[in-house]
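# Structure at a glance
Read off the chains here:
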Amino acid sequence: QLQASGGGLVQPGGSLRLSCVASGTFRSINATGWYRQHPGKERELVATITSSGHTNYADSVKGRFTISGDNAKRTVYLQMNSLKPEETAVYYCMMNIRTWTTGDMIYWGKGTQVTVSS
């Protein structure tokens, strides 16, 4: 299971740090990422990071958001700076996990609300 935290209310231009930790027994984490979903819209990619540290960002967040991972802690982080009101959304973490019995599986956290408003 994935448990995300760190969402909340922040003023425009402010910062938040999201965290997502994986629980349970598995072999390793192949890749992790953050996605967001605005009301009435499809979920969209925000950022991903592989086990080797390769990162990928949506163009809209480049230079403001930073994704990082700590495999020993089974945790992925998303540092979000200079937040904009249009980035108000539910943010979901994702992990591509190598299990012991069923190969590689994709897991999603339940989501954490980020609200950017004055």
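Scroll up to find the structure this text is about.
Here the structure is a predicted model, which is why all the values come from computation and not from measurement.

## A closer look at the overall build of the chain
A count of helices and strands for the chain gives 0 helices and 11 strands. The C-alpha atoms of the chain give a radius of gyration of 14 Å, which matches the 13 Å a tight globule of 118 residues would have. In terms of its C-alpha atoms, the chain occupies a principal-axis envelope of roughly 45 × 25 × 25 Å. Taking as baseline every contact in the chain between residues at least 6 positions apart, the subset at least 24 positions apart corresponds to 53%. For the chain, the exposed area adds up to about 6,500 Å²; of that, 48% sits on carbon and sulfur atoms. A distance of 7 Å separates the average location of the 12 positive side-chain charges in the chain from that of its 7 negative side-chain charges.

## Observations concerning the pattern of salt bridges
If you walk through the whole model with that rule in mind, you get 5 salt bridges. With a shortest N-O distance of 3.4 Å, R36 and E87 are connected by a salt bridge. Of this pair, R36 sits in strand β4 (residues 28-37) while E87 sits in the loop between β8 (75-80) and β9 (89-98), and the two are 51 residues apart along the sequence. R64 is the salt-bridge partner of E87, the closest N and O atoms lying 2.5 Å from each other. Note that E87 is positioned in the loop between β8 and β9 and R64 in the loop between β6 (55-57) and β7 (65-70), a separation of 23 residues in sequence. For the residue pair E87 and R64, the accessibility class agrees, reading buried in each case. Three or more residues are tied together by salt bridges with common partners; here these are R36, E44, R64 and E87.

## Digging into the packing of aromatic side chains
Applying the stated criterion across every chain, the model contains 1 aromatic pair. Arranged with centres 5.0 Å apart and planes meeting at 65°, the rings of Y35 and W108 form a pair that is edge-to-face. Linking Y35 in strand β4 with W108 in strand β10 (residues 104-108), this pair joins segments that are 73 residues apart in sequence. Residue class for Y35 comes out buried when judged on its relative accessible area of 17%. By relative accessible area, W108 is classed as partly exposed at 38%. Cation over ring: R43 sits above W108, and NZ or CZ is 4.7 Å from the ring centre.

## As for the sheet that holds β8
One open sheet accounts for 4 strands, arranged β1-β3-β8-β7; its pairing is antiparallel. The two strands at the open ends of the sheet, each matched to only one other strand, are β1 (2-5) and β7. Pairwise comparison of adjacent strand axes, ignoring direction, gives a mean angle of 15° for this sheet. Here β7 runs beside β8; their pairing, made up of 6 bridges, is antiparallel.

## Remarks on the nonpolar core
Ranked by internal contacts, the top residues of the largest apolar core, which has 29 residues, are W34, L78, M80 and Y91. Listed by contribution, the elements that provide at least two residues to this core are β1, β3 (16-22), β4, β5 (44-50), β7, β8, β9 and β11 (112-116). Per-element tally for this core: the top contributor is β9, with 5 residues. Those residues within four positions of Y91 in sequence are excluded, and the remaining contacts are L18, W34, Y35, R36, V46, L78, M80, G111, T112 and V114.

Rules used throughout
Residues numbered from 1 in each chain as written. Predicted model: local features only at pLDDT ≥ 70, side-chain atom pairs only at ≥ 80, totals over all residues. Heavy atoms only, no water. Helix = DSSP H or I, 4+ residues; strand = E, 2+ residues; numbered from the N terminus. Rg over C-alpha atoms; globule rule 2.2 N^0.38 Å. Contact = heavy atoms within 4.5 Å. Areas by Shrake-Rupley, 256 points an atom, 1.4 Å probe, with all protein chains shown as cover. Lys, Arg positive; Asp, Glu negative; His and termini not counted. Charge placed at Lys NZ, Arg CZ, Asp CG, Glu CD. Salt bridge = Lys/Arg side-chain N within 4 Å of Asp/Glu carboxyl O. Buried < 20%, exposed > 50% of the residue type's maximum accessible area, 1.4 Å probe, protein only. Phe/Tyr/Trp six-rings, centres within 6.5 Å; stacked < 30°, edge-to-face > 60°. Lys NZ or Arg CZ within 6 Å of the ring centre and 35° of its normal. Pairing = 2+ DSSP bridges. Axes fitted to C-alpha atoms, helices over the stretch in contact; angles between N-to-C directions. Core = buried A, V, L, I, M, F, W, Y, C linked by side-chain atoms within 4.5 Å.

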